[in-house]
Amino acid sequence: MLEHPARNPFPARGISSAEETSLAEFLRDWSRRTPTAILPGVREAQRWATDYLRGFADDRTRDGGLACLYGAHGVGKTHAARHMMAFVNDADPRAVQLYLRFQEDDFVAEYRRLVSQLSQDLLTDLSLRYLGTLAGDRAGHADGPASRGAVLSAVGDDPARVYDLFGTHQVEAGEVLEEQAKEIAAVAGSGPEFQRALSFLLRPEFAGVAYDWLCGRPISPDAARALGVSGQIDDPLTCRYGLQLLTRLVTRSGRPFVLVLDQCEKFLPPDGSSVTANIGLLQSLVEVIPQASGLLLLVSNDTLWDRLPPDLRQRIGTGACHMLPLTPDEARLVLGAYISAAGPGPGESIWPFTDSGLLELLRHSGGNLRLLLQLSWASFEAAWPVSVIDAELVTSASARHSHSPSLAELAMLVETRLLAAGLTIERTETVDGGVSFHLPDRREPRALVKLSEAVFFDDEIANALQTVTQTRHVRTGGRPVFTALLATGYVSPPVLTGLRGAVHVVLVADGSPGFPGRLDELVERIAAMPPKDEEPGAFDDTLRAIVEHLEELNSERRAEMMILTRNLTAVSERLEHQAPKAPPEWPPKRAELVGRIAEARAARAAADWAEFRNARAEVVRERSSRLRMLAAAVIAAVVTTAAALATVSLMSIQLTVALFAGTAVAATAAWFLWRRFAAFDVRRANAPLESRRDLDQLARELREYADPRSADPVGRYAHALSEDPDSGYRALTEAMLVEPLALVRQAIGRRLAVSERSPADCVAEVQRGLRERIPEVLLLLARGQRRAESDRPPRVLRDLPPELRVLVAIANPGSPELADGAVSKHPAEAALAALGVRGSRHPLARAFRDGMAEVVPIEIPSNELRATARLLSPLEQESPLEQDGLGTYDWLPLVAEIDELYLFFEKLLHHQEEIRSNRGKS
C-alpha cells in the first residue's frame, strides 16, 4: 500500500495569502511554497502575461494589455492573478507590479494604499530613468539613433548620470523638462503639480515630502507651498491622474508595468452612491493604462461582470476569462498538485483519495476550489495516518464544513417552499429514489420540478434529462410545461451548459448563501404563472385601453405636424422673397425668447391643470355611476321582497322559493355595490375647481380625509399638503413614485423640499426617482446644502452627473466647490464653468458675471454652446426622442436662475452669429 504524504498538503483555509506588496522576493517565495494547478484561468492569465511581455519588448509598439478574471467567490481568481504576477517576475525581474484588493468604494483611500507599495527609492529611480529616456529621445531627434542609444546606455546602469549629460550640455535640460511637461500634461490634468513633485523627489532635502504628496499622504502647508502644490491629494480625479502618470513613468523608464485590481465588486457595489463616478474612473483606467503600455488585470465576481456597462465589457473583449467550478478532471489535477508538493509520489496520483472520495469532495464543495481544498484538508486530517479517503470518510469529515443538502433534505426544503406559497403539488418518487413535484392545472401540469443527485460527467446529462424530457409533453395535446431541475451539491460546468439549454431553470443546491434566494425566485415565478385556461379579459381590456390612448396621441401628433408643416412652408416662401440681412439685435431676440418661454410655461401649467380636473371629473362620474347602480339594486331588492310577501299565499312553493332567491340575489348585489361605493369615497364632489386657489382651499377643508391611496386626486393632494416632511418622509417619497398626476407630484415635491434632510442625504431618493421617470424628485436636490464652513464638500454631490451638479451649483451660489466633480465631455460642463465652478476667472464665468464686454470674445464651438443651451432650455424639444431641458421643470424654485443661464448661452450663440455675419461682409 502506498504511504500517506508526510504532512497534510492542503491549506486549512483553502486560500493562500495575497499581500498588497510589490516586492519581487515575496512573489518568488509565494510561487515556491504554493502549488498551482494549471487550470483554464491560470493558463489564460499566464498567456496574457506572455503576450504583454513579448509586445512590450518591441520598442516600435510597446503594446499594453487589458484582461479580466471573473467568477464566483472561491474559484481561484486571486490565485490565478498572483500566479501571473509570479510568472512576470520570473520572466522579467525589472517589471514593476502592484496588487490592490479593493476594500471600499473610496478611490482616494484605495489610491493611497496602492501607491504606498512603491518605496521612495524606487520612485526616485523611476523618475531619473524617465528623465534619461526623455534625454535619449531629444538626442535622437538632434543627432540620430546612434546618439539616442549612447545616451540610454550611459544612464542604463546609473540613472543619476543624466545630470552629467545636462552639465556637459550633451542634452539641454530645459528641452528635456519641456518634453516632460508635455507628456505629463497628456496623462494628468494636474500636470504642473505632478512635474514639480517629481522634480523635488530628486532633491534630497525635499524628497520625503514629495514622496508623501505623490502617495496622497498629508503634508504641512509650508511643505505644500515649497513644492508648489495645492495640498494633499484628496479627490478621485487627481488620484486617477496620479495612477496614469505612474504607468507612464514606469513604462517610459523601460520597465513593464502590471496592475492587478482585485475584488472590483467592492469598488462598484450595487447600492453604492458613487457607482456612476467609479465606473467612469474604471473606464478611464481601462483606456489609459494599456495606451501607456501597461498591463491592467481586473478581478471581479459574476454579479459585477453582468452589471458592467456594455462598452466596458466590449473594450475588454477577448481578454475576459470566466472561471467556472471545477470539473472532475480539474479537481484531480488540483489534488495531484498539492499532494505531489508534499513529497515524492507516484506521478499524478491522488492517493490516499479514491475516485469515489474525489466525487464526494466535488458534491460537498460544489466544485468551488476554496471549499474543495478546505474539505480535502479536513478529510486528510480525519484519515491520518493510514486510512484511505473514500466517499464515506469525506462525508463524515465534511459534516462540519459543508452545507449542501442531501436529496431528501432538498426535497423537504422544496416541498415546504411550494406549500408555503399556497401551491397545490403532487409529489412523485421513483424506484431509484428520484423525486419530482407536479403542479396540476385544470387539464395539464402547470410546472414540473425535478430533483437530482449531483451530476459529475458529461454522459450523465442524458440521465438527468430523461425524466424531464419525458414529462415536458404530457397529457392532452402534448403542450410543453415549465420545467425546473434542482441538483444536490454539484453539477459539472459542461453538463450545466447542456442542461440549461434543455430546461427552463437549473439550480444547484451547493449550500451557498444565495441558493435560498434563487429558490424563492423560482417559487415566485411558478406561483405567478396564470392558469393555462384563464380568460384574459381583464388583461385584454387594459391592453385595449393602452392602444386607444396611443392612437389618440398619434392622431394629435399628426395634426400638430400638419400645422407645423404649413407654418414652415409659409416661412420658407417669405424668406425666398426677402433679401438676406444681418441677424437681429440681441434685445429683440431676447424679448422673443422670453415671450416663447412664458407661452410654453402657460401651456404646460394648463395641461397639468386640465389633467388634474379631468381625473377629478372621471372619479366623480364613476362615483355617480356606482351610486345609480346601488340605488337600482336596492329598489330591485325592495320590490322583489314586497312582491314575494304579497303573493306568498297565492303561489306554489316552487315559485315562492324562486322569488325569495331573487330577493337574496338583489340584496347581495346591493351590499356588494355599497362596499365598492364606500371604498370609492369622494368628498365635496360638486365643489368648484376653477383655479389652484380653489384646489388649495378644498384640500385644506378635506385635510381629515387626506389619503395617499385615495381614488380622489383631491384626497391625495391634501395628503401632500398635510403630511410632515420629516416623520412622513418615506411615505411621501413612495407616494410620489406611484402618483400618476403631475400636479400632485409637484405638491409632494414641494412638501419634501422643506424637509430637514440636506440635499446630500436625499441623493439616493433622487436617483431612484429619476430612474422611475419622476423628475419632481429634483425638488429634493435643488436646495441649499446646509453645512459648516470647515466641512469638506459632500462627495455624494460631487459624484452626481454633470446636469444635476448644475442644479447644485445654482442652488448654492456661494459654494461652487459643492458641484466640482469630475470633468467630462458633457454640455453641462460649460454651464458649470459659467457658474464659477471651474474658477471665477474662467472666461465663461467672467462673461456670465460681468457681461461679454468685459472679456475677449470666447471661441467655443457652436455645437457645444448649442448643446448646453438645449440642456438648459425651457422650451420643449421638437423631437420626442430628445430629452427636454432643465428649464422645462417649471416647478423648480431655481427656474428663474436656469432661464438666466439659458439666455446667456443663447446670447453667446447670437454673438458668434453676428461675428460670422460681419466677417462675411468684410
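These numbers were taken from a predicted model, which means no experiment stands behind them.

Rules used throughout
- What you see as residue numbers is a count from 1 along each chain, following the sequence as written.
- Totals for whole chains, interfaces and linings use every residue, but because this is a predicted model, local features are given only for residues with pLDDT of at least 70 and side-chain atom pairs only at 80 or more, for both listing and counting.
- Side-chain measures were taken over the full set of non-hydrogen atoms in the model, leaving aside hydrogen atoms and water.
- Strand pairing requires that DSSP identify at least two bridges connecting the strands.
- Helix numbering and strand numbering both begin at the N terminus, where a helix is a DSSP run of H or I of at least 4 residues and a strand a DSSP run of E of at least 2.
- Axis definition: a line fitted to C-alpha atoms, limited for helices to the stretch in contact. Angles are taken between N-to-C directions and run from 0 to 180 degrees.
- Whether two residues touch is decided by their heavy atoms; if any such pair falls within 4.5 Å, the residues are in contact.
- Here, two cysteine sulfur atoms that lie within 2.5 Å of each other are counted as a disulfide.
- Here's how the labels work: a residue is buried when its accessible area is under 20% of the maximum for its type, exposed when over 50%, partly exposed in between, all with a 1.4 Å probe on protein chains only.
- Nine residue types can take part in a nonpolar core, namely buried Ala, Val, Leu, Ile, Met, Phe, Trp, Tyr and Cys, and a core is a set of them joined through side-chain atoms within 4.5 Å.
- Classification of ring pairs rests on two measures: the distance between centres of Phe, Tyr or Trp rings, Trp counted by its six-membered ring, which must be within 6.5 Å, and the angle between planes, read as stacked under 30 degrees, edge-to-face over 60 and tilted in between.
- Consider the ring centre and the ring normal. A charge sits over the ring if Lys NZ or Arg CZ is within 6 Å of that centre and within 35 degrees of that normal.
- In this analysis, the protein atoms alone were mapped onto a 1 Å grid. Cavities are point sets where a 1.4 Å probe fits without being able to get out; pockets are open sets with protein on both sides within 12 Å along at least five of seven lines; lining residues have an atom within 4 Å of a point.
- Grid points are joined across faces, edges and corners, and a volume is the space filled by probe spheres set on the points.
- Any residue outside Ala, Val, Leu, Ile, Met, Phe, Trp, Tyr, Cys, Pro, Asp, Glu, Lys and Arg is labelled polar, Gly included; the first ten of those are nonpolar and the last four are charged.
- pLDDT gives the predictor's per-residue confidence on a scale running from 0 to 100.
- The salt bridge definition used is simple: a Lys or Arg side-chain nitrogen within 4 Å of an Asp or Glu carboxyl oxygen.
- One fewer than the residue count of a helix, multiplied by 1.5 Å, yields its expected span.
- Under the rule applied, a polar contact is a pair of N or O atoms within 3.5 Å (in protein, one hydrogen donor and one hydrogen acceptor; residues adjacent in sequence only if both atoms are side-chain atoms).
- Note on angle classes: values under 35 degrees are labelled roughly parallel, values over 145 roughly antiparallel, values of 65 to 115 roughly perpendicular, and the remainder oblique.
- Should the near helix be turned anticlockwise from the far one by less than a right angle, the crossing is termed left-handed; should it be turned clockwise, right-handed.

### Points about the sheet that holds strand S1 (residues 65–71)
(1) Moving on: Spatially, five strands are ordered S2-S3-S4-S1-S5 in an open sheet, and the strand pairing comes out parallel. With one partner strand each, in any of the chains shown, strand S2 (96–101) and strand S5 (320–323) form the two edges of the open sheet. Each neighbouring strand pair of the sheet contributes to a mean axis angle of 10°, computed without reference to strand direction.
(2) Moving on: Here S1 runs beside S5; their pairing, made up of four bridges, is parallel. The residue bridging Tyr 70 from the neighbouring strand is His 322, located in S5.
(3) Moving on: Of the strands in this sheet, S1, S2, strand S3 (257–262), strand S4 (295–300) and S5 touch helix H3 (residues 77–91), which is tilted by about 165° from S2.

### What about the state of the cysteines?
A covalent bond between the sulfur atoms of two cysteines is what we call a disulfide.
(1) Moving on: Tallied over the full model, the rule gives zero disulfides.
(2) Moving on: Between Cys 321, a free cysteine, and Cys 68, which holds the nearest cysteine sulfur, the sulfur-to-sulfur gap is 9.2 Å.
(3) Moving on: Given the relative accessible area of 10%, Cys 321 is considered buried.

### Focus: unusual backbone geometry
(1) Moving on: The phi dihedral of Ser 293 falls on the positive side, at around 70°, and the residue is not glycine.
(2) Moving on: Tracing the chain through its elements places Ser 293 in the loop between helix H14 (275–291) and S4.
(3) Moving on: One non-glycine residue with positive phi stands out, namely Arg 773, at about 60°.
(4) Moving on: Along the polypeptide, Arg 773 turns up in the loop between helix H32 (763–771) and helix H33 (795–798).

### Some remarks on the nonpolar core
(1) Moving on: The biggest cluster of nonpolar side chains holds 77 residues, and the ones touching the most others in it are Phe 612, Leu 797, Val 806, Leu 892 and Phe 905.
(2) Moving on: Residue contributions to this core peak at eight residues, all from helix H38 (residues 895–921).
(3) Moving on: Setting aside chain neighbours within four positions, we find Phe 612 in contact with Leu 689, Leu 695, Pro 713, Val 714, Leu 741, Leu 743 and Val 744.
(4) Moving on: Among the nonpolar cores identified, the runner-up in size contains 64 residues, and Leu 118, Leu 237, Leu 261 and Cys 264 belong to it.

### Let's talk about the packing of aromatic side chains
(1) Moving on: Scanning all chains against the criterion turns up 13 aromatic pairs.
(2) Moving on: Consider the rings of Trp 609 and Phe 612, whose centres lie 6.1 Å apart with planes at 10°: the pair is stacked. In this pair, Trp 609 and Phe 612 are both assigned in helix H26 (residues 586–647), three residues apart and thus about one turn of the helix distant.
(3) Moving on: Relative accessible area serves as the criterion here: at 13%, Trp 609 is assigned to the buried category.
(4) Moving on: One aromatic cluster in this structure is built from Phe 10, Tyr 338 and Phe 353.
(5) Moving on: Taking the ring centre of Tyr 99 as reference, the NZ or CZ of Arg 82 above it sits at 4.7 Å.
(6) Moving on: The ring of Tyr 729 carries the charged tip of Arg 757 above its face, separated from the ring centre by 3.8 Å.

### Quick look at the environment of Ser 512
(1) Moving on: Within the fold, Ser 512 resides in the loop between strand S10 (505–509) and helix H24 (515–527).
(2) Moving on: Accessibility expressed as a relative area gives 23% for Ser 512, which makes it partly exposed.
(3) Moving on: Residues Ser 512 and Ser 404, spaced 108 residues apart in sequence, show a C-alpha to C-alpha distance of 7.7 Å.

### Examining the layout of surface pockets
(1) Moving on: Its boundaries defined by the atoms lining it, the second largest pocket holds a volume of some 1200 Å³.
(2) Moving on: Forming the boundary of the second largest pocket are 40 residues, of which Ala 72, Asp 302, Asp 510, Ser 512 and Arg 518 lie nearest the centre.
(3) Moving on: Sorting the residues of the lining of the second largest pocket by element identifies helix H15 (302–307), S5, helix H18 (355–365), helix H19 (369–383), helix H23 (493–500) and S10 as the ones contributing at least two each.
(4) Moving on: If you tally residues by element for the lining of the second largest pocket, the top one is H23, at four residues.
(5) Moving on: Per-class residue counts for the lining of the second largest pocket are 14 nonpolar, 20 polar and six charged.

### Quick word on empty space enclosed by the protein
(1) Moving on: Evaluated as defined, the whole model comprises four cavities of 30 Å³ or more.
(2) Moving on: A volume near 100 Å³ is recorded for the largest cavity.
(3) Moving on: Forming the boundary of the largest cavity are Tyr 111, Val 115, Leu 123, Phe 194, Leu 198, Leu 214, Gly 242, Leu 245, Leu 246 and Leu 249.
(4) Moving on: Those elements that place two or more of their residues in the lining of the largest cavity are helix H4 (107–115), helix H9 (191–201) and helix H12 (236–252).
(5) Moving on: Grouping the constituent residues of the lining of the largest cavity by class yields nine nonpolar, one polar and no charged.

### Description of the sheet that holds strand S8 (residues 447–452)
(1) Moving on: Reading across from one edge, S6-S7-S8-S9-S10 is the order of the five strands in this open sheet, with mixed pairing throughout. Each edge of the open sheet is held by one strand with a lone partner, namely strand S6 (426–429) and S10. Averaged over all adjacent pairs, the angle separating strand axes in this sheet is 20°, with direction ignored.
(2) Moving on: Bridge analysis of S8 against strand S9 (residues 482–488) gives six bridges, and the strand direction is parallel. The residue of S9 that forms the bridge with Leu 448 is Thr 483.
(3) Moving on: Its contacts with the sheet put helix H21 (residues 407–420) on S6, strand S7 (435–439), S8, S9 and S10, and the angle it makes with S8 is roughly 160°.

### As for the confidence of the model for the chain
(1) Moving on: The predicted model of the chain averages 78 in pLDDT, with 75% of residues at 70 or higher.
(2) Moving on: Contacts of residues 470–478 to residues separated by more than four positions or lying in other chains number 20 contacts, the stretch itself having pLDDT below 50.
(3) Moving on: Scored below 50 in pLDDT, residues 533–558 makes three contacts in the model with residues more than four places away or belonging to other chains.

### Examining the pattern of salt bridges
(1) Moving on: Considering all chains together, one arrives at 32 salt bridges under this definition.
(2) Moving on: Here Glu 44 makes a salt bridge to Arg 47, at a shortest N to O gap of 2.7 Å. Here Glu 44 pairs with Arg 47, and both are found in helix H2 (residues 40–57), just three residues apart, close to one helical turn.
(3) Moving on: Given a relative accessible area of 23%, Glu 44 falls into the partly exposed group.
(4) Moving on: Asp 125 is the salt-bridge partner of Arg 129, the closest N and O atoms lying 2.8 Å from each other. Separated by four residues within a single helix, Arg 129 and Asp 125 lie in helix H5 (residues 120–143), roughly one turn from each other.
(5) Moving on: Connected via shared salt-bridge partners are Arg 601, Arg 604, Glu 876, Asp 890 and Asp 899.

### Some thoughts on helix H34 (residues 802–811)
(1) Moving on: Counting buried residues in H34 gives nine out of ten residues, a clear majority hidden from the surface.
(2) Moving on: Those residues of H34 not exposed but buried are Pro 802, Leu 804, Arg 805, Val 806, Leu 807, Val 808, Ala 809, Ile 810 and Ala 811.

### Some words on H19
(1) Moving on: Taking 1.5 Å of rise per residue, the 15 residues of H19 would be expected to cover 21 Å, and the 21 Å separating its terminal C-alpha atoms lies within 8% of that figure.
(2) Moving on: Where H19 is buried, its residues contact helix H17 (328–341), H18 and helix H20 (391–397).
(3) Moving on: Residue Asn 368 occupies the N-cap position of H19, its side-chain oxygen lying 3.1 Å from the main-chain nitrogen of Arg 370.

### Quick word on the side chain of Arg 716
(1) Moving on: Examined against the element boundaries, Arg 716 turns out to sit in helix H29 (residues 713–722).
(2) Moving on: At a separation of 2.8 Å, a polar atom in the side chain of Arg 716 contacts the main-chain carbonyl oxygen of Ser 710.
(3) Moving on: Excluding anything up to four places from it in sequence, Arg 716 contacts Asp 707, Pro 708, Ser 710, Ala 711, Glu 739, Pro 740, Leu 741 and Val 744.

### Examining the packing of H4 against H12
(1) Moving on: Here H4 crosses H12 at 30°, and the two axes come no closer than 9 Å. The angle between H4 and H12 falls in the class roughly parallel. The crossing of H4 and H12 is left-handed. Here H4 contributes Phe 107, Val 108, Tyr 111 and Leu 114 to the contact with H12, which in turn contributes Pro 236, Cys 239, Arg 240, Gly 242 and Leu 243.

### Some details on the packing of helix H1 (residues 24–33) against H3
(1) Moving on: Two elements in contact, H1 and H3, have axes whose closest approach is 9 Å; the angle formed by their N-to-C orientations is 115°. Crossing of H1 over H3 shows left-handed handedness. Judged by residue contacts, Ala 24, Phe 26, Leu 27, Arg 28, Trp 30 and Ser 31 of H1 engage His 79, Arg 82, His 83, Met 85, Ala 86, Asn 89 and Asp 90 from H3.
(2) Moving on: Residue classes in the contact of H1 with H3 are distributed as six nonpolar, four polar and three charged.

### Section: the environment of Glu 193
(1) Moving on: For Glu 193, the location among the structural elements is in helix H9.
(2) Moving on: Judged by relative accessible area, Glu 193 falls into the buried class, the value being 16%.
(3) Moving on: Separated by 34 residues in the primary sequence, Glu 193 and Leu 227 place their C-alpha atoms 8.2 Å from one another.

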